[in-house]
Amino acid sequence: MEQTTGTLFNIQRFSLHDGPGIRTTVFFKGCNLSCAWCHNPESFSPAPQLSVDTVHCTSCGMCEKTCPQGAHTINPQTGEHLFHMEKCVLCGACIKACPAAAITRIGQTYTVEQVMETVLRDRIYYGPSGGGVTCSGGEATMQYAFLTALLSACKAEKIHTCVETNGVLPAQRLTALCDLVDLFLFDFKHYDSVQHEKYTGVPLEPVLESLKLLAKLQKPVIVRCPVIPGVNDTEEHFAAIRSLKEQYSNIIKTEVMPYHDIGAVKWKNIGKSYLMRDVKVPSKEQIAQWRLKAE
């Protein structure tokens, strides 16, 4: 098997929400968008990085004493642990020094063979449930060589494949992926290009072009729609979601992905400011209404 390597930040077994059936979800590090509400901000950077669990940190100061770069400081008045990510060179000294195991490395190098070892352990569940492997992220297509090698390995084992994508990739690459992908989980974040760029860092047009191409190639698609209060929970946005399904026959269904703040602490843990902290988590009733509007 080809020894192509990639950088992953998680392999989640027995996943039930990333495509049909029981799946193994492989999370690729690196993303070409920077969504303000992202619940996996550790996926933004393609490189490995540190995360400081501020909940379990005891503010003992061992990391501050150990780090040769001064990437950790403990506020002497409040005891707050401040992680200066830009100073970190990932030497790992603080990981070893932390008695609370509150500092971890995010991102490990894997070969295709190593990932497949995990995948094949779970294949007994795939067939009966209609499951398989989902490549997510981050944006898996940013590690294109590793992605295609992993998908090829899955197809050689006759395992169903999904790729979750934001659609921002060259048309020739997306076309080539169609031979290896059974189902695309395609993100649709905002109907308005200006607002799309404001909240994700890229305009909407490349996303729509990719969706149009998948329709032309008649590849099955599930459109996944994060809905964020005050950002895209508008009648116009839900109308755009309905319009996509009416326009493209290859769209199997649309899924509303309601905003949650579970990932907010992750932003702090990697030394980033979370800009959506004032956004309210929607109620079950509100989510139900959104799902009706998206149908």
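Asks: Sorry if this is basic, but what is going on with the overall build of the protein chain here?
Replies: Counting its secondary structure elements, the protein chain contains 11 helices and 12 strands. What you see for the protein chain is a C-alpha radius of gyration of 20 Å, in line with the 19 Å of a compact globule of 295 residues. Each principal axis of the C-alpha atoms in the protein chain carries an extent, and together these give about 60 × 50 × 35 Å. Buried residues in the protein chain amount to 49% of all 295 residues. Sequence-distant contacts in the protein chain: of pairs separated by 6 or more residues, those separated by 24 or more amount to 70%. When the accessible surface of the protein chain is split by element, carbon and sulfur atoms take 53% of a total near 14,200 Å².

Asks: What is the right way to look at helix H11 (residues 284-294) in this model?
Replies: Spacing of three or four residues puts side chains on the same side of an α-helix, whose turn is 3.6 residues. Every buried residue of H11 is accounted for by Ile287, Trp290 and Ala294. Angularly, the buried residues of H11 cover 60 degrees about the axis, an arc narrow enough to put them on a single face. The exposed residues of H11 that point more than 90 degrees off its buried face are Glu285 and Leu292. For H11, the secondary structure elements touched by its buried residues are strand S11 (221-227), helix H9 (235-247) and strand S12 (251-258).

Asks: Can you help me understand the packing of helix H3 (residues 112-121) against helix H5 (residues 144-156) in this one?
Replies: Look at H3 against H5: their axes get within 10 Å of each other, and the N-to-C directions meet at 40 degrees. The orientation of H3 with respect to H5, classified from their angle, is oblique. Crossing of H3 against H5: the hand is right-handed. Together, Val112, Val115 and Met116 of H3 and Phe146, Ala149, Leu150, Ala153 and Cys154 of H5 make up the contact between the two elements. Here the residues of the contact of H3 with H5 are counted per class, giving eight nonpolar, no polar and no charged.

Thresholds applied
Residues numbered from 1 in each chain as written. Predicted model: local features only at pLDDT ≥ 70, side-chain atom pairs only at ≥ 80, totals over all residues. Heavy atoms only, no water. Helix = DSSP H or I, 4+ residues; strand = E, 2+ residues; numbered from the N terminus. Rg over C-alpha atoms; globule rule 2.2 N^0.38 Å. Buried < 20%, exposed > 50% of the residue type's maximum accessible area, 1.4 Å probe, protein only. Contact = heavy atoms within 4.5 Å. Areas by Shrake-Rupley, 256 points an atom, 1.4 Å probe, with all protein chains shown as cover. Arc of directions from axis to C-beta. Axes fitted to C-alpha atoms, helices over the stretch in contact; angles between N-to-C directions. Parallel < 35°, antiparallel > 145°, perpendicular 65-115°, else oblique. Left-handed = near helix turned anticlockwise from the far one by under 90°. Nonpolar A, V, L, I, M, F, W, Y, C, P; charged D, E, K, R; others polar.

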